[in-house]
Amino acid sequence: MICDICGKNPATVHLTEIIDDQMNELHLCEECAHKKSAQMEQQFGLSDLLAGLAGFEKQKDEKEGIALKCPNCGMTFKDFKKIGRLGCGECYAAFRSFLGPLLKRIHGSNLHCGKAPGSRIAKLTRRKIEPGETRAAPGQDTVAELRIRLQKAVEAEAYEEAARLRDRIKELERTAHQEGKKE
Amino acid sequence: MRLNDLLTHTSEWLKGTGPHSDIVISSRLRLARNIDKQPFPHWSSKKQSKSTLEACREAAGKSDLIRKMTIFVLEDLDTVDKQFLVERHLMSYEHAQKTNSKAVIVDEDEVVSVMINEEDHIRAQVMQSGFNLPEAWNVINKVDDALAKELNYAFSPEWGYLTACPTNAGTGMRGSVMLHLPALVMTRQINQVLAAIAKLSFTTRGLYGEGTQATGNFFQISNQVSLGQSETDIIQNINNLIRQIIEQESQCRETLMNSNRGMLEDKISRSFGILKSAHIITSQETTELLSLVRLGCDLGIIKDINRRHVNELFLLIQPAHLQKIENKKLTSQERDIKRAELIRSKLSK
């Protein structure tokens, strides 16, 4: 097979693109593949993709985003946009206002409902509450868990249960907020 | 266990056993985990990377489950050794590139491997032969619990496990199933299947993970979404999709056998013939021919070799494996000769 671009060298790299359900195959030689991948990276780096996904507007970035900096690892929001990777776990809190919508775009949800580290339950009760963070007393449901149950209740049209869960969430969030103020 | 000990036995996932092992090569789960407050590997200083490695090593040493596994520090390995581990799917290609304070922990059966300082501090994976994600979950869950006992993970109740790339946040879990789909490729139905998979927010990759092209009719299908679904839901979703693909491949195989048996037998037997008689052969050509031979075994067209031996050959014919067997560095041309030799000897038995 001969390279689709230069038409000279044998094609060793096979590229499949799916655009709007249309599949295109490109057969390239090594040299043309390098050029093509450099071109593609320029056009479409991961950081651009992530930035695009979050629907970042340039102006909004300049006003709010650029000033953000993670107090733990020193990564700035500008760094994150450039690299497409966060600096540490604390960056999630530091860039919260941008990451919430971004996670939702990527995953279709921004609420975890899987496993939690076992050892963390005990530690959480001793940790200072961060602004905006909610938590439950030991042995009780977390707000995150309640939200999932709420979502499921709504889907199942179990509105009485949903209303009960909604009130419980509100109550928990209020307590957490007050405790946060006290500390 | 030394690295060379791996050469003498077959990886668990290549055994050709387990549910639907005629179509499903292996099932794999991986979890991404990070240490709380510690900068992610790409953002760490040399000193910080070293302390991550030490913390993970210490945690592994305290767990009864992980202690008996072997840790390979990548700085101690040469290029061939690292490639050897990549070929065995025990670590990623990316992990083998830069070596600062990177390591991989491997168990003797090659079911569990834990990469340290890859894109995240910890990337644990479990491989099972055949279509068996639930068993992979049982194992990886235990490995994860063991490490979580000793390490304080970066975790938020709202967003789950926090990872270097937000595409992995939440469960930090990626499930992948490696499928062998020669009949769908032959009947040109594969493109429709792949387009449908992409629509359902799953990804398809080649034999060696991210960025690799599907050769030898092998396709690796994985979930993209890791947040908002529980681990069991993710596994369930993958299972539902894979079951449908298995069904389609089976039907295609049956149709080919009923309507085109002569053509199929000819194709398969010719491939077997080339492998048994070639004196110079590239790994790409071998993979493509072996794929047809594997199909021949599954359909009962080839009877004198079993699936396990074909699976083994897929592994042994790769560059680092050939060099490990010969115990010296080989050029690409030398490898093509040695590869043909090895295949002839294995298939003439």
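Residues numbered from 1 in each chain as written. Chains lettered and ligands numbered in written order. Predicted model: local features only at pLDDT ≥ 70, side-chain atom pairs only at ≥ 80, totals over all residues. Heavy atoms only, no water.

Here's the deal with the side chain of H107(A)
Keep this limit in mind: To qualify as a helix, a DSSP run of H or I must reach at least 4 residues; to qualify as a strand, a run of E must reach at least 2; elements of each kind are numbered from the N terminus. The cut-offs for exposure are 20% and 50% of the maximum accessible area for each residue type, with area from a 1.4 Å probe on protein chains only; residues under the lower value are buried, those over the upper are exposed, and the others partly exposed. Polar contact criterion, stated in full: a pair of N or O atoms within 3.5 Å, where within protein one must be able to donate a hydrogen and the other to accept it, and residues adjacent in sequence count only if both atoms are side-chain atoms.
Assignment of secondary structure puts H107(A) in helix 6 (residues 96–107). Residue H107(A) is classed as buried on the basis of its relative accessible area of 6%. Within the structure, the side chain of H107(A) is placed 3.0 Å from the backbone oxygen of P166(B), a separation counted as a polar contact. For H107(A), the side chain forms a polar contact with the main-chain nitrogen of S226(B), separated by 3.1 Å.

Brief notes about the side chain of N168(B)
Selection criterion: Two residues form a contact once any of their heavy atoms are found within 4.5 Å.
Among the structural elements, N168(B) can be located in the loop between strand 7 (160–161) and strand 8 (173–180). On the basis of relative accessible area, N168(B) is assigned to the buried category, the value being 5%. A polar side-chain atom of N168(B) sits 2.6 Å from a polar atom in the side chain of R174(B). Among residues more than four places away in sequence, those in contact with N168(B) are H107(A), R30(B), E119(B), R123(B), T163(B), R174(B) and S226(B).

Considering the interface of chain A and chain B
Our working rule: Summed over both partners, the accessible surface that disappears when two parts come together, traced with a 1.4 Å probe, is what is meant by buried area. Here, a salt bridge means any Lys or Arg side-chain nitrogen found within 4 Å of an Asp or Glu carboxyl oxygen.
Contacts between the two partners involve 43 residues from chain A and, on the opposite side, 46 residues from chain B. Regarding the contact of chain A and chain B, the summed buried area is about 3800 Å², with carbon and sulfur atoms giving 59% of it. Here D144(B) makes a salt bridge to K115(A), at a shortest N to O gap of 2.7 Å. The tally of links from chain A across to chain B stands at 18 residue pairs in polar contact (both at pLDDT 80 or more). Elements that contribute at least two residues to the side of chain A that touches chain B include exactly strand 1 (13–19), strand 2 (22–28), helix 4 (77–83), helix 6 and helix 7 (120–124) of chain A.

Here's the deal with the environment of S51(B)
Mapped onto the elements, S51(B) comes out in helix 1 (residues 46–62). Once the C-alpha coordinates of S51(B) and Q38(B) are considered, the two residues, 13 residues apart in sequence, prove to be 9.3 Å apart.

Some remarks on the packing of aromatic side chains
Our working definition: Whether two aromatic rings pair depends on their centres lying within 6.5 Å, for rings of Phe, Tyr and Trp, where Trp uses its six-membered ring; planes under 30 degrees apart make the pair stacked, over 60 edge-to-face, and the rest tilted. Charges are assigned to positions over rings by a cutoff of 6 Å between ring centre and Lys NZ or Arg CZ, combined with an angular limit of 35 degrees from the ring normal.
Applying the stated rule across the entire model yields eight aromatic pairs over all chains. Seen from their ring centres, Y153(B) and Y161(B) are 6.0 Å apart, and the 75° between their planes marks the pair as edge-to-face. On the basis of relative accessible area, Y161(B) is assigned to the buried category, the value being 1%. Geometrically, the ring pair formed by F155(B) and Y161(B) is edge-to-face, given 5.0 Å between the ring centres and 65° between the ring planes. In this pair, the class of F155(B) matches that of Y161(B), namely buried. An aromatic cluster of at least three residues, connected via ring pairs, comprises F77(A), F80(A), F95(A) and F98(A). Residue placement shows R33(B) over the ring face of Y161(B); its charged tip is 3.4 Å from the ring centre. The ring centre of F84(B) lies 5.7 Å from the NZ or CZ of K324(B), which sits over that ring.

Looking at the confidence of the model for chain B
In plain terms, the rule: Per-residue confidence from the predictor is reported as pLDDT, a score between 0 and 100.
In this model, chain B carries an average pLDDT of 93, and 97% of its residues clear a pLDDT of 70 or more. At the level of chain-chain contacts, confidence expressed as ipTM amounts to 0.89, with global pTM at 0.78.

A word on the sheet that holds strand 5 (residues 122–129) of chain B
Residue and element names in this part refer to chain B. The test is simple: Strand pairing is defined by DSSP finding a minimum of two bridges between the two strands. Here an angle of 0 to 180 degrees is reported between the N-to-C directions of two axes, which are lines fitted to C-alpha atoms, with helices fitted over the stretch in contact.
On the basis of which strands lie adjacent, the open sheet formed by eight strands has the order 2-3-4-5-1-8-10-9 and antiparallel pairing. Because the sheet does not close on itself, it has two edges, and the strands there are strand 2 (70–73) and strand 9 (202–205). Here the average twist between neighbouring strands, direction ignored, is 20°. In terms of strand pairing, strand 1 (residues 24–33) meets strand 5 through eight bridges, oriented antiparallel. Bridged to S27 within strand 5 is Q128.

Concerning the pattern of salt bridges
In this structure the tally under the stated criterion is 28 salt bridges over all chains. Here E54(B) and R57(B) are joined by a salt bridge, their closest N and O atoms 3.8 Å apart. Taken together, the positions of E54(B) and R57(B), both in helix 1 and three residues apart, correspond to about one turn of that helix. Overall, the relative accessible area of 39% leaves E54(B) in the partly exposed class. The residue R123(B) makes a salt bridge to E119(B) at a minimum N-O spacing of 3.4 Å. For R123(B), a relative accessible area of 9% gives the class buried. Owing to a relative accessible area of 23%, E119(B) belongs among the partly exposed residues under this scheme. Ionic contacts of the salt-bridge type, sharing partners, join the residues R85(A), E118(B), E119(B), D120(B) and R123(B) into one network.

Concerning the nonpolar core
Cut-off, in case you're wondering: Among buried residues, the Ala, Val, Leu, Ile, Met, Phe, Trp, Tyr and Cys ones that are joined through side-chain atoms within 4.5 Å form a nonpolar core.
L179(B), I242(B) and I245(B) are the most contacted members of the largest nonpolar core, which has 90 residues in total. Here this core gets ten residues from one element, more than from any other, and that element is helix 7 (residues 231–259) of chain B. Those residues in contact with L179(B) that sit more than four places away from it in its chain are I23(B), V24(B), N217(B), F218(B), F219(B), I221(B), I242(B) and I245(B). Counting 22 residues, the second-largest nonpolar core is a separate cluster that includes F80(A), C91(A), F95(A) and L162(B).

Some words on the environment of L181(B)
Residues and elements named next belong to chain B. Structurally, the position occupied by L181 is in the loop between strand 8 and helix 5 (182–186). In the structure, L181 is positioned 35 residues away from G216 in sequence and 8.9 Å away in space, judged by C-alpha atoms. Among all residues touching L181, those that are not within four sequence positions of it are I23, I190, N217, F219, I245 and E249.

Regarding unusual backbone geometry
Residues and elements named next belong to chain B. Its identity is not glycine, yet H20 carries a phi of approximately 50°, on the positive side. As for its placement among the helices and strands, H20 is situated in the segment before strand 1. When its relative accessible area of 41% is taken as the criterion, H20 is described as partly exposed. Despite not being glycine, N217 shows a phi value in the positive range, around 60°. Turning to its location among the elements, N217 is positioned in the loop between strand 9 and strand 10 (218–223). N217 gets classed as buried once you look at its relative accessible area, which sits at 17%.

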